[in-house]
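Summary of the model geometry
Spelled out, the chains give:
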Amino acid sequence: MKRTFVVAGNGPSISELEAGRILADDFIVRTNNFYFEPEFFLGRRVDMMFMGGDPRVAPFIFETIHQCRSDYDIKTWSTHDPRVARAGAKRFKSAFQPMSYRDEAVKESVERLSNHYDRKPTTGVQAILKAHALGADTIILAGIDFYAQPRRYTYQLGPHYQALMGKDISSRGVDTRLHSPELDLDILRALQDREDLLLLRAGPSEMLAPIMDLAPIRYGTPVVSEPRDNPPTDWASFSGLYSIEMLKLLRRGSAL
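Reading the values: rules and limits
Residues numbered from 1 in each chain as written. Predicted model: local features only at pLDDT ≥ 70, side-chain atom pairs only at ≥ 80, totals over all residues. Heavy atoms only, no water. Salt bridge = Lys/Arg side-chain N within 4 Å of Asp/Glu carboxyl O. Helix = DSSP H or I, 4+ residues; strand = E, 2+ residues; numbered from the N terminus. Buried < 20%, exposed > 50% of the residue type's maximum accessible area, 1.4 Å probe, protein only. Phe/Tyr/Trp six-rings, centres within 6.5 Å; stacked < 30°, edge-to-face > 60°. Polar contact = N/O pair within 3.5 Å; in protein donor to acceptor, adjacent residues only side chain to side chain. Contact = heavy atoms within 4.5 Å. Axes fitted to C-alpha atoms, helices over the stretch in contact; angles between N-to-C directions. Parallel < 35°, antiparallel > 145°, perpendicular 65-115°, else oblique. Left-handed = near helix turned anticlockwise from the far one by under 90°. Nonpolar A, V, L, I, M, F, W, Y, C, P; charged D, E, K, R; others polar.

Glancing now at the pattern of salt bridges. Taken as a whole, this structure holds 15 salt bridges when the rule is applied. A salt bridge links arginine 91 to glutamate 63; the nearest nitrogen and oxygen atoms lie 3.0 Å apart. In this pair, arginine 91 is assigned in helix α2 (residues 82-92) and glutamate 63 in helix α1 (residues 58-67), connecting sequence segments 28 residues apart. For glutamate 63, a relative accessible area of 9% translates into the label buried. Across the salt bridge formed by lysine 75 and aspartate 73, the nearest N and O atoms sit 2.7 Å from each other. The class for lysine 75 is partly exposed, based on a relative accessible area of 41%. For aspartate 73, a relative accessible area of 37% puts it in the partly exposed group. What emerges from the salt-bridge pattern is a single network uniting Arg102, Asp103, Arg194 and Asp196.

Attention shifts here to the packing of aromatic side chains. Counted by the stated rule, this structure contains 14 aromatic pairs. For the pair phenylalanine 36 and tyrosine 155, a centre-to-centre distance of 5.4 Å together with 55° between the ring planes defines the contact as tilted. Here the residue phenylalanine 36 occupies a position in the loop between β2 (27-31) and β3 (39-40), and tyrosine 155 occupies one in the loop between β6 (138-142) and α5 (159-165), the gap between them amounting to 119 residues. Taken individually, phenylalanine 36 and tyrosine 155 each receive the classification buried, so the pair is uniform in this respect. Between tyrosine 153 and tyrosine 155, the aromatic rings sit 5.0 Å apart at their centres with planes inclined by 5°, giving stacked as the arrangement. In this structure tyrosine 153 comes out as buried when scored by relative accessible area, which is 10%. A relative accessible area of 7% places tyrosine 155 in the buried class. Through pairs of rings, three or more aromatic residues link up here, namely Phe34, Tyr35, Phe36, Phe40, Tyr72, Tyr153, Tyr155, Tyr161 and Trp235.

Right, let's talk about unusual backbone geometry for a bit. One non-glycine residue, asparagine 32, lies in the positive phi region at around 45°. Assignment of secondary structure puts asparagine 32 in the loop between β2 and β3. Even without being a glycine, asparagine 230 presents a positive backbone phi close to 50°. Relative to the helices and strands, asparagine 230 is located in the loop between β9 (226-227) and β10 (238-239). Look at asparagine 230 and you get exposed, because its relative accessible area is 74%.

Attention now goes to the side chain of threonine 31. Inspection of the secondary structure assignment puts threonine 31 in strand β2. Among the polar contacts listed, one links the side chain of threonine 31 to the backbone oxygen of alanine 8, at a separation of 3.0 Å. Apart from the residues within four sequence positions on either side, threonine 31 is in contact with Ala8, Gly9, Asn10, Phe50, Thr123 and Ala127.

Before going further, it helps to spend a moment on the environment of tyrosine 35. Here tyrosine 35 shows up in the loop between β2 and β3. Measuring from C-alpha to C-alpha, the distance between tyrosine 35 and glutamate 104 comes to 33 Å, with 69 residues separating the pair along the chain. A distance of 2.6 Å separates polar atoms of two side chains, one belonging to tyrosine 35 and the other to asparagine 33.

Moving on, we get to the packing of helix α3 (residues 104-117) against helix α6 (residues 181-192). At their nearest, the axes of α3 and α6 sit 10 Å apart, and the two run at 155° to each other. Taken as axis vectors, α3 and α6 run roughly antiparallel relative to one another. The chirality of how α3 crosses α6 is right-handed. In this structure, α3 uses Val106, Ser109, Val110, Leu113, Ser114 and Tyr117 to contact α6, whose residues at the interface are Glu182, Leu183, Asp186, Ile187, Ala190 and Leu191. Looking at the contact of α3 with α6 residue by residue, the classes come out as eight nonpolar, two polar and two charged.

And the structure:
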């Protein structure tokens, strides 16, 4: 049976989805700090959360998700980073699925392109690769804006977040030390060239339009944004006995 997956980033466009482009029975993949969203933009069900980012911050990320676990029905989660996997196992061990690829050809293509650019794919693209591995024949991209808009995210950033990631992160573009938009786009082109996958976008995007069509309005129950009470505004202060203030101190010491 054909299955449509939705891989959702946290770019501002996720708050501007047109009804019917994403349906309630699509397989929903959420990435990184989705739990800060001020509304349930894609509903409460999360078939898979795909996590990346700084592994040193990961313990506090998973603690924050655990504290608002009643907000979301999280079925499974995955990551491409073993260090993030170890951090998440403390709270979400039973739901973990390791990173995988549809076949060796995909894995080799990603490795070849990554070596060419000497950069790593972003978490959103890693999540797309995982969705493909899970059997998706259609993947709709939502909220993956390549940081092209003036605002980076749909949510405001708290003091812990800004102290660890930089006060300018909400307006900062791609971290070119780690990532390359050209690498991400080349991986998406390689996936689109395969016969077993169709990539679509949920909204306007100058960067994605040359690669993929706009997802059609489909018949069925559409995903509708729901209001949300008291979403978290920052990462948790503690993960067990480990204090985020200690991580900040270590980060400052490293910078010096």
